[in-house]
Amino acid sequence: MVDQARARRLAKRIVTVVGTAIEYEIKDPRLRFVTVTDAKVTGDLRDATVYYTVMGETIDAEPDFTGAAAGLEKATGVLRSKVGAATGIKFTPTLSFVLDTVPDAARQMEELLAKARAADDQVAQVAANATYAGEADPYKSDEED
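What you see is a predicted model, and the numbers here were worked out from it, not measured in a lab. (Residues numbered from 1 in each chain as written. Predicted model: local features only at pLDDT ≥ 70, side-chain atom pairs only at ≥ 80, totals over all residues. Heavy atoms only, no water.)

The side chains of a regular strand alternate, residue by residue, between the two faces of the sheet. Relative to strand 3 (residues 94-99), strand 2 (residues 47-54) runs parallel, the two being bridged by six bridges. Pairing of Y51 across the sheet is with V98, part of strand 3. Of the crossover connections in this fold, the one passing from strand 2 over helix 2 (residues 65-87) to the parallel strand 3 is right-handed. (Pairing = 2+ DSSP bridges. Helix = DSSP H or I, 4+ residues; strand = E, 2+ residues; numbered from the N terminus. Right-handed = clockwise from strand over helix to strand, strands pointing away.)

On to the sheet that holds strand 2, then. Backbone-to-backbone hydrogen bonds join strands into a sheet, with any given pair of strands oriented parallel or antiparallel. Spatially, three strands are ordered 1-2-3 in an open sheet, and the strand pairing comes out mixed. Single-partner strands in this sheet number two, and they are strand 1 (34-41) and strand 3. Each adjacent strand pair in this sheet contributes to an overall mean axis angle of 30 degrees, direction not counted. Note that strand 1 and strand 2 share seven bridges and pair antiparallel. The partner of A39 across the bridge, within strand 2, is V50. (Axes fitted to C-alpha atoms, helices over the stretch in contact; angles between N-to-C directions.)

A separate point is the nonpolar core. Counting residues in each nonpolar core, the largest one holds 27 residues, and the members touching the most others are I14, V18, L79 and L95. When residues of this core are traced back to their parent elements, those giving at least two are helix 1 (4-25), strand 1, strand 2, helix 2 and strand 3. Not counting the four nearest positions on each side in its chain, V18 is found in contact with V36, V50, L79, V83, L95 and F97. (Core = buried A, V, L, I, M, F, W, Y, C linked by side-chain atoms within 4.5 Å. Buried < 20%, exposed > 50% of the residue type's maximum accessible area, 1.4 Å probe, protein only. Contact = heavy atoms within 4.5 Å.)

What follows is about the environment of T53. By the element assignment, T53 lies in strand 2. In this structure the C-alpha to C-alpha distance between T53 and R6, which are 47 residues apart in sequence, comes to 25 Å. T53 has contacts with F33, V34, T35, T37, L99, D100 and P103, leaving out every residue within four places of it along the chain.

Turning our attention to unusual backbone geometry. Its identity is not glycine, yet L45 carries a phi of approximately 65 degrees, on the positive side. Mapped onto the fold, L45 is located in the loop between strand 1 and strand 2.

Turning next to the pattern of salt bridges. One pass over the full model with this rule turns up five salt bridges. Note that K82 is salt-bridged to E25, the shortest N-O span being 2.7 Å. Taken together, the residues K82 in helix 2 and E25 in helix 1 connect sequence positions 57 residues apart. In this structure K82 comes out as partly exposed when scored by relative accessible area, which is 29%. In this structure, the salt-bridge partner of D38 is K40, at a minimum N-O distance of 3.3 Å. D38 sits in the partly exposed class, given a relative accessible area of 29%. Under the relative-accessibility criterion, K40 is labelled partly exposed at 45%. (Salt bridge = Lys/Arg side-chain N within 4 Å of Asp/Glu carboxyl O.)

Right, dumping it as structure tokens:
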């Protein structure tokens, strides 16, 4: 029987252990700007997928995705042993690393929202200077005389 609560707890622990190990213990310069964002563990606790993002050295610099992927591939064995030592479970899950696309999707969503706001502002400007095509109250009744 699959215990999803246990898998979620293990995934949280894996995020903490891998993130701490990358930041403080692994000295690979390719992993300097890698941030672990999430992890998913299968129901049988045998495989774990770790999601990560890569930042550039500066705001304008392009992140080194291939270097980070190569650095994580090289450090997978060390990270797996650290996860095994920290969790103390019978079988340490295999780790696979996947680039997280959530920051890119969020950036694209922000760009779309900015375009929508600009279009709304343009419509509001046109509406502010608009006049009625006919009379101001087209629903006059004859009883007002």
